[in-house]
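A structural walkthrough
Here is how the chains run, residue by residue.
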Amino acid sequence: MRSHLCGDLRAENVGGIVTLCGWVGRRREHGEHLAFLDLRDFSGVVQCVVDNKVDVRSEWVVQIKGKVNLRPAGTVNENLPTGKVELTDCEIQVLNNAEPPPFPIDQRGDDVDENVRLKYRYLDIRRERMQKNLRLRAAVNSAIRKSMESQGFTEIETPLLMPSTPEGAREFLVPSRNEPGSFYALPQSPQLWKQLLMVAGLDRYYQIAKCLRDEDLRADRQYEFMQLDAEMSFVDKDDVMSMISTAVVAAAKAATGVEPPPIERMSWHDAMNNYGSDKPDIRFEMKLIEMTKTFSSTSFKAFAGAESIKGICVRAAEFPQQAASGRNKLDALTDRAKKMGAKGLVWIKVGEVNALDSPVAKFFSADEQSALLSQTGAKSGDLILIVADSWSTTCNVLGQLRNDLGRPPVHEGPYRYVWVVDFPLFVGVNPTTNKPQPGHHPFCHPHPEDLDRLETDPLSVRALAYDLVLNGWELGSGSIRIHEPDLQRRVFRQLGISDTDADTRFGFFLQPFKYGAPPHGGFAFGIDRLVAILAGEENIREVIAFPKTQSGSDPMTNAPTTVNAAQLQELGIRLLPPAAK
RNA sequence: GGUCCCGUGGUGAAGUUGGAGUUCACGCCGCCCUGUCAAGGCGGAGGUCGCGGGUUCAAGUCCCGUCGGGACCGCCA
């Protein structure tokens, strides 16, 4: 139907007769003898010169046969790749007419309410921004596949219908028709399958896999999302990190044209200690400053005896607005700190000649005051925030405040990838069972150097686990897995899962490990998140063709919907009446 | 489950101390216009101010509730 694409026409095509297909963009009418219309397809826009008798309107679908001409001197449009040429002697065939679109199919669509964009997603995707994002996504997928294949990985598809394993994220359930009362679960990730593929001797597996989690949605979370899922045998964690780095770097280069520098590493402890987060955004400083010793003999009661005292310094030179926060804002920060579990928040404004302006400054000795200034390097106009609490609370609260005050939008500035390594095997204690909780998942291999403390001091045991972080977003995580049945039982016992429990819940998964499981490990990272950041978007919905809203609905299809009684009957499902109010 | 922000013709906004569905830009329809490119000029149509209640002589505006959207906390092994 067409000989060329709209966006491809250049001066070299001048003189040629071409046939184009596309949508009518804007029309500029100059009386009955002259009108310009912009013809648009996915490749771009070209100007067609017509008389004003053809009745074509915005978003009509047309086929135009015409002659490519140089534009007359003075009428070149430098802003358009096709701006040197135009189509003349146009024969227009209307392939389909169209109602006026509910919003402009151009940049102005960016300002339209997202609900409206999603209701008419097929029109939203006609816009350049979405076309660009979706094609960028395809380029990233393609680069990842190439990279994984060149590193010897084999793409294997794994089932979407699998048994429920209630640990971890809430699952989507699918009722079975053949066995009423029984359910499949949709995979939170292909975790179990890929480990079985290692037992099966597949050696290196990967998949760009759909994962489903029935948890509340966020800017970086959808019910359905895509992961690069990979697993490999006979490797250590450096092998895994190196291969995933290779794939990520290849994807980033395909998307941006620039190869990122080698990805740096940081221990989990350093990340928490210095940035107050296990997904540190290292695009900006405002690091946590250690002050426990400074106040070790303080007479200020809120600080006395605290396990950990740390502060952040909000520098007026970098963050003038935040550093100058007024009482309302400081109270709000204090509330935020308290909601996160801190007993309080001490704020200190540094005035002229190092005068400390704070409700509690009078409780600090002269030595403490000068140490405070020298440690933070605070200057006039800066704001210091201090938390005194347990180490983890202090770090978490200050890390959150650091992000609140200093973090730029995720897509701004440089790409700062960082591997966070040496995660603890267990994070905290389950308040109901009084047992440690897995930091990653229960199949994660403890650090060999810490194995002797697994029973005596489990919370101090490190895991062979690692996260990949980009600009403060967790892209993904991985670990070396436990391949020894004995060690797996020891870890389960720490988690409060008895041998018989383990057999009931994970039997199908544990049984195979008795038949010669190779040492193995792997990784998975979120494609949606990576693509969003590389596309300069701060929200993964912008790189997903048909996403859900924050409440999990689709304004276009109205999903989720009720189903008819016969469908429920067939599945053996009876609904409860709506909860009484 | 919780906190905060938003909801006004098709789209985006403005709407003051409560005083007539008022205003602006784009789009749409019609007319004019031979070099525009977010063309320009003139005219016109188009709204249950998300929905429900309350206060008031009077509510887009104040209060309560509710629905929808967004950001975040919880949650996401």
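Residues numbered from 1 in each chain as written. Chains lettered and ligands numbered in written order. Predicted model: local features only at pLDDT ≥ 70, side-chain atom pairs only at ≥ 80, totals over all residues. Heavy atoms only, no water.

1. Some details on the packing of aromatic side chains
One pass over the full model with this rule turns up 18 aromatic pairs. Between Phe 295 and Phe 303 the ring centres are 5.0 Å apart and the planes differ by 75°, which places this aromatic pair in the edge-to-face class. Take Phe 295 and Phe 303: they sit in the same class, and that class is buried. An angle of 90° between the planes, with centres 5.5 Å apart, marks the rings of Phe 443 and Phe 506 as edge-to-face. Here Phe 506 lies in helix H12 (residues 499-510) and Phe 443 lies in the loop between strand S19 (436-438) and strand S20 (465-470), a separation of 63 residues in the sequence. Like Phe 506, Phe 443 is buried. What links up through ring pairs into an aromatic cluster is the set Phe 295, Phe 300, Phe 303, Phe 363 and Phe 364. Here Arg 204 stacks its cationic end above the ring of Phe 153, 5.7 Å away from the centre of that ring. The positively charged end of Arg 402 is found above the aromatic ring belonging to Phe 284, 3.8 Å away from the centroid. (Phe/Tyr/Trp six-rings, centres within 6.5 Å; stacked < 30°, edge-to-face > 60°. Buried < 20%, exposed > 50% of the residue type's maximum accessible area, 1.4 Å probe, protein only. Helix = DSSP H or I, 4+ residues; strand = E, 2+ residues; numbered from the N terminus. Lys NZ or Arg CZ within 6 Å of the ring centre and 35° of its normal.)

2. A short note on a nonpolar patch on the surface
A cluster of nonpolar side chains, contributed by Leu 160, Leu 161 and Tyr 184, occupies part of the molecular surface with about 270 Å² of accessible area. Within the secondary structure, Leu 161 sits in the loop between strand S6 (154-155) and strand S7 (173-175). (Patch = residues over 30% accessible without salt bridge, like charges linked within 9 Å, V, L, I, M, F, W, Y side chains within 5 Å. Areas by Shrake-Rupley, 256 points an atom, 1.4 Å probe, with all protein chains shown as cover. Salt bridge = Lys/Arg side-chain N within 4 Å of Asp/Glu carboxyl O.)

3. Describing the sheet that holds S6
Taking strand neighbours across the sheet as the criterion, the eight strands line up as S6-S9-S10-S22-S21-S20-S17-S11 in an open arrangement whose pairing is mixed. Looking at the sheet topology across the chains shown, the edges are occupied by S6 and strand S11 (264-267). With nine bridges joining them, strand S9 (residues 204-212) and strand S10 (residues 224-233) adopt antiparallel strand pairing. When the sheet's bridge partners are listed, Ala 209 is paired in S10 with Gln 227. Each of S6, S9, S10 and strand S22 (520-526) touches helix H3 (residues 128-150); the most contacted strand, S9, lies at about 150° to it. (Pairing = 2+ DSSP bridges. Contact = heavy atoms within 4.5 Å. Axes fitted to C-alpha atoms, helices over the stretch in contact; angles between N-to-C directions.)

4. Details of the protein's contact with RNA strand B
Around RNA strand B, 44 residues are found, and the nearest of them are Glu 29, Arg 57, Thr 75, Glu 86 and His 440. Near the protein, meaning within 4 Å, the atoms of RNA strand B are sugar or phosphate in a fraction of 53%, with bases accounting for the rest. One of the side-chain N or O atoms of Glu 86 is found 2.4 Å from a base nitrogen in RNA strand B. Mapped by element, the contributors of at least two residues to the surface near RNA strand B are strand S1 (17-29) and helix H1 (114-119). For the surface near RNA strand B, the element with the highest residue contribution is S1, accounting for three residues. Here the residues of the surface near RNA strand B are counted per class, giving 10 nonpolar, 17 polar and 17 charged. (Near = heavy atom within 4 Å. Polar contact = N/O pair within 3.5 Å; in protein donor to acceptor, adjacent residues only side chain to side chain. Nonpolar A, V, L, I, M, F, W, Y, C, P; charged D, E, K, R; others polar.)

5. Here's the deal with the layout of surface pockets
Any empty space left between the atoms is revealed when a probe the size of a water molecule rolls over them. Roughly 1200 Å³ of volume is contained in the second largest pocket. For the second largest pocket, the lining is made up of 41 residues, of which Arg 40, Val 45, Ile 105, Asp 106 and Glu 128 are closest to its centre. Put simply, the parts of the chain that give the lining of the second largest pocket at least two residues each are S1, strand S2 (35-41), strand S3 (44-50) and H3. Broken down by element, the residue count for the lining of the second largest pocket peaks at seven residues, all from S1. Classifying every residue of the lining of the second largest pocket gives nine nonpolar, 12 polar and 20 charged. (1 Å grid on protein atoms, 1.4 Å probe; cavity = no way out; pocket = protein on both sides within 12 Å on 5 of 7 lines; lining within 4 Å. Points joined across faces, edges and corners; volume = space filled by probe spheres on them.)

6. As for the sheet that holds strand S14 (residues 346-350)
Spatial strand order, S12-S13-S16-S14-S15: five strands in an open sheet with antiparallel pairing. Each of the sheet's edge strands pairs with one partner strand only, and the pair in question is strand S12 (289-290) and strand S15 (356-357). Here four bridges tie S14 to strand S16 (residues 383-389), and the two strands are oriented antiparallel to one another. Residue Ile 348 lies in a different strand from S16, and its bridge partner there is Ile 384. Here helix H10 (residues 391-406) sits on the sheet in contact with strand S13 (308-314) and S16, set at roughly 10° to S13.

Fair warning: the whole summary comes from geometry, so function is off the table for now.
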